[in-house]
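Below are the chains, spelled out letter by letter.
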Amino acid sequence: NAGVTQTPKFQVLKTGQSMTLQCAQDMNHNSMYWYRQDPGMGLRLIYYSASEGTTDKGEVPNGYNVSRLNKREFSLRLESAAPSQTSVYFCASSERTGGYGYTFGSGTRLTVV
Amino acid sequence: QQPVQSPQAVILREGEDAVINCSSSKALYSVHWYRQKHGEAPVFLMILLKGGEQKGHEKISASFNEKKQQSSLYLTASQLSYSGTYFCGTVLNTGTASKLTFGTGTRLQVTL
């Protein structure tokens, strides 16, 4: 089925470890996004890529890096994980920014101990 | 910059109606509405572009008052399947690669 695929679904890291969250979409969307969701705070934008070859910071970019590998794939990297990065991470895509609905992946539940 | 949603939570009996409001202090280009069930990803419901349009999706509809920078989501004759958390998201009229900023959500519970 067409959609957004995220891996892994669950991950436990020790403080200071690094990891990359993978995201791929097969809808030929131009724009991709990474959000984190914490209780009571809704979804907060970490980074986004309006089109292949571009990336921009969102509301909470500190401690993260991203790579738009190609039109399909957009990865999120935690270089040195901290307990404050414990969250559920969602990748999303849309045809373009602004006037189009977003399709979300199923999420990655990350715990940093 | 984060839109404000109200109420924070609402409990309905099946068949009752509900209204969820979303407001912004800044001029908006568009308003999105999403529903998220527990443990699942948010699902896109509808988008409203500036111009004061109203949209419908079965028994769920929404309006966008551009002058007041407010949007409302209307759920009529609620069903058990409507339970979940509803998020509005706003896109500012920035003219640049635009970002969707979500509100903190409204938890809706529909009971028998």
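For the structure itself, consult the block above.
Let me sum up the structure you'll find in this document. (Residues numbered from 1 in each chain as written. Chains lettered and ligands numbered in written order. Predicted model: local features only at pLDDT ≥ 70, side-chain atom pairs only at ≥ 80, totals over all residues. Heavy atoms only, no water.)

1. A look at the side chain of R36 of chain A
All names here are of chain A. For clarity, the cut-off: Note on conventions: DSSP H or I runs of at least 4 residues are helices, E runs of at least 2 residues are strands, and numbering of each starts at the N terminus. Relative accessible area decides the class of each residue, using a 1.4 Å probe on protein chains only: under 20% of the type maximum gives buried, over 50% gives exposed, and in between gives partly exposed. Identification of polar contacts relies on pairs of N or O atoms within 3.5 Å, with a donor-acceptor requirement for protein atoms, meaning one able to donate a hydrogen and the other able to accept it, and with residues adjacent in sequence counted only if both atoms are side-chain atoms. The criterion used for residue contact is that any of the two residues' heavy atoms lie within 4.5 Å.
Of note, R36 is situated in strand β4 (residues 31–37). Of the residues examined, R36 reaches a relative accessible area of 8% and is grouped as buried. Looking at R36, its side chain comes within polar contact range of the side chain of Y64, at 2.9 Å. For R36, the contacting residues outside a window of four places in its chain are G42, L43, R44, I46, V60, Y64, S84, Q85, T86, S87, V88 and Y89.

2. Here we look at the sheet that holds strand β3 (residues 19–25) of chain A
The strands making up a sheet associate through backbone hydrogen bonding, with each pair oriented either parallel or antiparallel. Residues and elements named next belong to chain A. Note the following rule: Being paired, for any two strands, means DSSP has found at least two bridges between them. Angles here are taken between N-to-C directions and fall from 0 to 180 degrees, while the axes themselves are lines fitted to C-alpha atoms, restricted in helices to the stretch in contact.
Pairing is antiparallel across the open sheet formed by four strands, whose spatial order is β1-β3-β8-β7. Strands at the two margins of the open sheet, each flanked by one partner only, are β1 (4–7) and β7 (64–68). Averaged over all pairs of adjacent strands, the angle between strand axes in this sheet comes to 15 degrees, irrespective of strand direction. Here β7 runs beside strand β8 (residues 74–78); their pairing, made up of five bridges, is antiparallel.

3. Description of the environment of K26 of chain B
Residue and element names in this part refer to chain B. Topologically, K26 is positioned in the loop between β3 (18–23) and β4 (28–36). Along the chain, K26 and L108 lie 82 residues apart, while their C-alpha atoms are 26 Å from each other. The contacts of K26, once residues within four sequence positions are left out, are Q69 and L92.

Taken by themselves, the reported measurements are silent on function.
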